[in-house]
Amino acid sequence: MTLSIWRYAHLALAFVSTLFLIILSVTGVILAFDAVNEKTPGYRIEDVDSISLAACIPALSKVYPEIMELSVDHNQFVTIDATNEDGDHVKAYIDPRDGKVLGPIVPKSSFIQWNIALHRSLFLKETGRIAVGIVSFLLFLITISGVILIVKRQQGVRHFFAKINRDFFSQYFHVVSGRLFLVPILVISLTGTYLFMVRIGLMNQEEQKPVVTEQSGEAIPLEKTKFPIFQQTKLAHVEKIEFPLMEDDPEEFFILKLRDKIINVNQIDGSVAEQTSIAKTVVFEKLSLDLHTGRTNIIWAVVLGFASLNILAFIYTGFVMTFKRTRTKVKNKFKAENAEIVVLVGTENGSTLFFANQIHQQLLSDGKRSFIAEMNQYRAYPQAQHLIIFTSTYGLGSPPANATHFTDLVSKINQQQDILFSVVGFGSKAYPDFCEFAKDVDQLLEKQEWAKRYLNLYTVNDKSPDEFVKWVHAWSERSLTALATAPALYTEKQVGLKTLKVVEKTLVSDDNSTFKIILAPQSRSDFQSGDLLAIYPASDSRERFYSIGQNDGRIQLMVKLYENGLGSGYLYNLELNGKLKARIVQNSAFHFPKKAPAVAMIANGTGIAPFLGMIMNNRDAIPVRMYAGFRYDNELTAQYRQFSADEIAQKHLESLNFAYSRGNEPQYVMDLIRKDAQYFADLLANEGVIMICGSLKMQKDVEILLEELCLSKNNQTLSFYKNRNQLMTDCY
Ligand SMILES: Cc1cc2nc3c(=O)[nH]c(=O)nc-3n(C[C@H](O)[C@H](O)[C@H](O)COP(=O)(O)O)c2cc1C
């Protein structure tokens, strides 16, 4: 499928960096947790911005005769490295106002250190650092391309924060959380990139020259509380203070390491002996580190933790989206120029392609020369008789990604022969322009001289299989092409294969080509008569469907054996007690209507199969009449007669009426219906249900007859009853 360049970039970048991003996100979550955890002991000195060095240094000197170092970390914890009055070495968190020890310095656990090393360099030293840096930059690019995709999706920057309609969970989550975590992820990626650039020396850290103040003459001693620089400097601005090693030595200084400069202070008179600014890049580096790690702010650390967690969720949902988009693989057996049926698909996220492919596959199975392509690949189809278009719509009635040139192409390329067209729109009623693009395409084709309308436009809301099968019914009945109408076949969640054992099989004879096969599921299976069995005779993607009759918890099929028939031949050749794998497809639209006051069943040939099961299970004794047409009265129909006698005795059935088309008096089911016209008219008038199973041709003829009957006897159209679900069909 054509992907827009941005989506392609977004995906390619994500693909390249996935593994690294997973490692960095997992360790990122752990380190964010650690950053929060670090702050939980109550060593934080709240008013470090009001404590001056002039207040705290003399106070500390009273408690600690010898101080080596005092530092204030990103948590605003103050640490001292000193000797106390008892001569003991103290390295601990203290209160800077009175020197009281608050707690010991606990080094980071080896687990956290392990995480830090993994996060920074993947344990690969310099190479790892470079890889991490590059991945940070890729994350930045992924974020930017993601923003562009959201802007495109939302039809402009103005709607960036507008409501996101939910197509499916992964997509919704990806977009909504993408917006929510946009800023933190941008910050993580940019600061990560910057830190990497600094570390590998890409940022020019120009040496800052110290400014030296010439000392004039002998220093006049001053009390430390009066040192102007100590009075001006608050603890909040300090990172570290190195104390003079030897007291009274004017060559030994207090070295104040502040965030933006280093100041050497004369310990005798408190004058500034030397001052060195810290390079901007270093200041930025510290800021980046604060922002990247959340070490200075607990709320930011929590936000970063969630953002990292969200990167993992992004990866997962992103791949679900990609999988969904690319899952349906299409194969063409015929070339565009030889195709008799052309299926064109307009899709952005691949779901419409799934529906289209289900149809294309069935057309191929039915021996039709079907060809499937994207709408943007529209061209001349010299042998086409049918053009079927399935397309979604994206915002303001726009075409999906692979249908953007369709309108232009249609105006440029004229087909040379008449082609019957049918358009199915896929969309969502959550959007004001429901299926707008499909409507436009339908109108566009209507105007083409070569295009002849085959069906009116059908629309499908939110990928509803029930709505889609309405089109399937219509197209298959009009074209007399067997297409499966069980909605379950068009749901993306397909249930798995089941093992079935052959427990009974009859043989065909000269005058009977239909055989019965009974299959016992080897695991718990829920199904009803009217459901379908999908088998895979060649163990490939080719599927064949059979209507199920439920016989005592087992699957009963009536199969007509065709010469060289793939499915029928496979089933016929199965050994007794042999096993096969197959899928049960629920077909709730053709289940026995348990609430109906009465039911008429109309079948021809193997269409009788589901009805046999329904009758056996009619324990509520709903009045059922069956009308069945066959070619010959043979041993099979004799069995049906025996079956009906048994079922009539059990009150499961009222009557079974046969018509034989090749007998002495050729008859069709239509003749049986005509004979019982009043019964059918009354049945429909009294909310009874008619079920039809068998050939599409028979269904068509029966419907024409029922239409006549309804009009003449009930003064109603057949569609009136159809709309009330009083006509159920499953024909092929
Ligand atoms: C961003 C976005 C915009 C959409 N805009 C419309 C719209 O304007 N009209 C509509 O009927 N459906 C709209 N839809 C719904 C899709 O057309 C619908 O979900 C369709 O089944 C998707 O099919 P696809 O996966 O084949 O692209 C939109 C969906 C998304 C995600």
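Residues numbered from 1 in each chain as written. Predicted model: local features only at pLDDT ≥ 70, side-chain atom pairs only at ≥ 80, totals over all residues.

- By the naming in an unreviewed UniProt entry, the protein chain is NADPH--hemoprotein reductase, taken from Dyadobacter luteus.

## Some thoughts on the overall build of the protein chain
- Secondary structure summary: the protein chain contains 20 helices and 27 strands in total.
- In summary, the protein chain has a C-alpha radius of gyration of 40 Å against a globular reference of 27 Å for 732 residues, an excess of more than 25%.
- With respect to the three principal axes, the spread of C-alpha positions in the protein chain is 140 × 60 × 45 Å. (Helix = DSSP H or I, 4+ residues; strand = E, 2+ residues; numbered from the N terminus. Rg over C-alpha atoms; globule rule 2.2 N^0.38 Å.)

## Concerning the confidence of the model for the protein chain
- On average, the protein chain scores 93 in pLDDT, and the residues at 70 or more come to 99%.
- Complex prediction metrics read pTM 0.76 and ipTM 0.95. (pLDDT = per-residue confidence, 0-100.)

## Considering the pairing of strand β27 (residues 727–731)
- With respect to burial, β27 is a largely interior element, four of its five residues being buried.
- Note that strand β26 (residues 689–694) and β27 share five bridges and pair parallel. Pairing of I692 across the sheet is with T729, part of β27. (Buried ≥ 20, exposed ≤ 12 C-beta atoms within 10 Å, placed from the backbone. Pairing = 2+ DSSP bridges.)

## Describing the sheet that holds strand β21 (residues 554–560)
- Read across the sheet, seven strands follow the order β19-β18-β22-β16-β17-β21-β20 without closing on themselves; strand pairing throughout is antiparallel. Whereas interior strands pair on both sides, the edge strands pair on one side only; in this sheet they are β19 (544–547) and β20 (549–551). Looking at each pair of strands side by side, their axes are set apart by 45° on average, direction ignored.
- Set on the sheet, helix α15 (residues 609–616) makes contact with β19, β20 and β21; between it and β20 the angle comes to about 40°. (Axes fitted to C-alpha atoms, helices over the stretch in contact; angles between N-to-C directions. Contact = placed C-beta atoms within 7 Å.)

## Topic: the packing of helix α5 (residues 169–180) against helix α9 (residues 298–327)
- At a minimum axis distance of 9 Å, the contact between α5 and α9 shows a crossing angle of 140°. Put simply, α5 runs oblique to α9. As for the relative orientation of α5 and α9, their crossing is left-handed in sense. Seen from α5, the contacting residues are S170, Q171, F173, H174 and S177; seen from α9, they are N310, A313, F314, T317, G318, V320 and M321.
- Along the lines of polarity and charge, the residues of the contact of α5 with α9 split into five nonpolar, seven polar and no charged. (Parallel < 35°, antiparallel > 145°, perpendicular 65-115°, else oblique. Left-handed = near helix turned anticlockwise from the far one by under 90°. Nonpolar A, V, L, I, M, F, W, Y, C, P; charged D, E, K, R; others polar.)

## Things to note about the site of the ligand
- Every one of the 23 residues lining the ligand counts as a neighbour, but T347, N349, T352, S392 and G427 are closest to it.
- At the level of secondary structure, the elements contributing two or more residues to the shell around the ligand comprise α10 (351–365) and β13 (419–427).
- Its residues placed into classes, the shell around the ligand shows six nonpolar, eleven polar and six charged. (Near = placed C-beta within 6 Å.)

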